[in-house]
Amino acid sequence: QKNAALCFYYDREMNIGGHVCYFDQYQKVNNKDLIKALEKVSNRKFVTNLEEAIEHGKEDNYEKTDNTYLKQSPCLTEYLEQYIITNKDKIFEVIEEKF
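Everything numeric here is computed off the predicted structure, so don't read it as measured data.

Novice: Mind showing me how you'd approach the packing of helix 1 (residues 2-16) against helix 5 (residues 63-71) here?
Specialist: Each pair of packed helices gets described by two things: the angle between the helix axes and the distance between those axes. For the pair helix 1 and helix 5, interaxial distance at closest approach is 10 Å and the crossing angle is 110°. For the element pair helix 1 / helix 5, the angle class is roughly perpendicular. Every pair of crossing elements has a handedness; the one defined by helix 1 and helix 5 is left-handed. Of helix 5, the residues touching helix 1 (which contributes Tyr10, Asp11, Met14 and Asn15) are Asp66, Tyr69 and Leu70. In terms of residue class, the contact of helix 1 with helix 5 is made up of 4 nonpolar, 1 polar and 2 charged.

Rendered as structure tokens:
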């Protein structure tokens, strides 16, 4: 669930306003956790782009990394959908046990 949730929130903020929005809204999320989630859910290009945004994004107000993110194909939403379909038993099993 954690990997899916982290990627969902990242993808949502990226599509609303880019890295500025993500880093502003999710200051308490450890970037290493998001990187691990992206590694499991998507591909290395998303990880590399996030690492670039963390290290150098402020230099151009995240313009380069935001544009790179939006040009990725397949997009993170598609990777996330596939991840959830593939792992639905694990994801929803935990929810059912809690209720």
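The structure having been displayed, the exposition proceeds.
Novice: Is there a simple way to explain the side chain of glutamine 72 in this structure?
Specialist: Looking at the element boundaries, glutamine 72 is found in the loop between helix 5 and helix 6 (76-86). With relative accessibility at 12%, the residue glutamine 72 sits in the buried group. What glutamine 72 contacts, discounting residues up to four positions off in sequence, is Lys45 and Phe46.

Criteria and cut-off values
- Residues numbered from 1 in each chain as written.
- Predicted model: local features only at pLDDT ≥ 70, side-chain atom pairs only at ≥ 80, totals over all residues.
- Heavy atoms only, no water.
- Axes fitted to C-alpha atoms, helices over the stretch in contact; angles between N-to-C directions.
- Helix = DSSP H or I, 4+ residues; strand = E, 2+ residues; numbered from the N terminus.
- Parallel < 35°, antiparallel > 145°, perpendicular 65-115°, else oblique.
- Left-handed = near helix turned anticlockwise from the far one by under 90°.
- Contact = heavy atoms within 4.5 Å.
- Nonpolar A, V, L, I, M, F, W, Y, C, P; charged D, E, K, R; others polar.
- Buried < 20%, exposed > 50% of the residue type's maximum accessible area, 1.4 Å probe, protein only.

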